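One letter stands for each residue in the lines below.
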Amino acid sequence: MQVPWLWDEFQTTPLNIEFSWCKRYANAAEMFEDIKQSHLWVSAENYDTLMGLNPIYSFIFQAVYDRDHYLTDSDFSLEGEIATYKATARRATSLNIQKIIYSESVLRPAAYVYFGHPPISKIVFP
C-alpha cells in the first residue's frame, strides 16, 4: 500500500485510536458507540505480519477503515464490508491501492467465513 496515501488518511481521522491485544468489538454497533465518543480500539487480531509488512500499516489501515464503517453505517456483514470498501476506495489514489483494500477488506473476511479461520496471507492482485 502506498504509504503517503495511507498516512494522509490516518492524519484526517479525528479519533483517539488505541491499540489493544485483547479488546475486540462484538459488532459494529458497539464500535459505533465508541466512535461517537471519539474513541476507537484497534485489535491486534487484525495485524498480519506474515508478509513482512510493518504492522503499523495494519494499525493505520484498520483505524481508517473502521471509521469508514461508521461513516457508511455499515456492519461487518459481506454487504457492509463491500459498502465500506467502496467508501474507502473512492479516496484511493490508484487502482493498485483499491485492489489491496478489496483484498484485505472484502476477500479476506469472505475467506474467513468460508474456511472458518483466518486465511493464509497472500497478495491476491499483482
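For clarity, every value in this text was computed on a predicted model and none was experimentally measured.

Draft legend 1. Inspection of the nonpolar core at higher detail. F10, I17, L40 and I101 are the most contacted members of the largest nonpolar core, which has 24 residues in total. Secondary structure elements with two or more residues in this core: α1 (3-11), α2 (28-36), β2 (39-43), α3 (55-71), α4 (78-91) and α5 (95-115). Ignoring any residue separated from it by four or fewer positions in sequence, one finds F10 in contact with I17, F59, I60, A63 and V64.

Draft legend 2. Fine view of the environment of W41. Secondary-structure assignment places W41 in strand β2. We classify W41 as partly exposed; its relative accessible area is 26%. Distance in space between the C-alpha atoms of W41 and M31 is 8.1 Å, their sequence separation being ten residues. The residues touching W41, leaving out its near neighbours within four places in the chain, are E18, F19, S20, K23, Y25 and D34.

Draft legend 3. Here's a closer look at α2. All of the buried residues in α2 are A28, M31, F32 and I35. Down the axis of α2, the buried side of the element spans an arc of 100°, and every buried residue falls inside it. The opening residue of α2 is N27, an N-cap whose side-chain oxygen sits 3.1 Å from the backbone nitrogen of A29. Of the residues one or two after α2, S38 is the one with positive phi, at around 65°.

Draft legend 4. Summary view of the packing of aromatic side chains. Inspection of every chain in the model, using the stated rule, returns seven aromatic pairs. Consider the rings of W7 and F10, whose centres lie 5.6 Å apart with planes at 40°: the pair is tilted. One end of the pair is W7 and the other is F10, both in helix α1 and three residues apart, which spans about a single turn. The class for W7 is partly exposed, based on a relative accessible area of 40%. Centroid distance F32 to Y70: 5.5 Å. Interplanar angle 75°. Geometry classified as edge-to-face. Of this pair, F32 sits in helix α2 while Y70 sits in helix α3, and the two are 38 residues apart along the sequence. F32 sits in the buried class, given a relative accessible area of 10%. A residue is classified by how much of its surface remains accessible, and Y70, at 29% relative accessible area, is partly exposed. Feature note: the residues W7, F10 and F59 constitute an aromatic cluster, connected by ring pairs.

Definitions and cut-offs
- Residues numbered from 1 in each chain as written.
- Predicted model: local features only at pLDDT ≥ 70, side-chain atom pairs only at ≥ 80, totals over all residues.
- Heavy atoms only, no water.
- Core = buried A, V, L, I, M, F, W, Y, C linked by side-chain atoms within 4.5 Å.
- Buried < 20%, exposed > 50% of the residue type's maximum accessible area, 1.4 Å probe, protein only.
- Helix = DSSP H or I, 4+ residues; strand = E, 2+ residues; numbered from the N terminus.
- Contact = heavy atoms within 4.5 Å.
- Arc of directions from axis to C-beta.
- Polar contact = N/O pair within 3.5 Å; in protein donor to acceptor, adjacent residues only side chain to side chain.
- Phe/Tyr/Trp six-rings, centres within 6.5 Å; stacked < 30°, edge-to-face > 60°.

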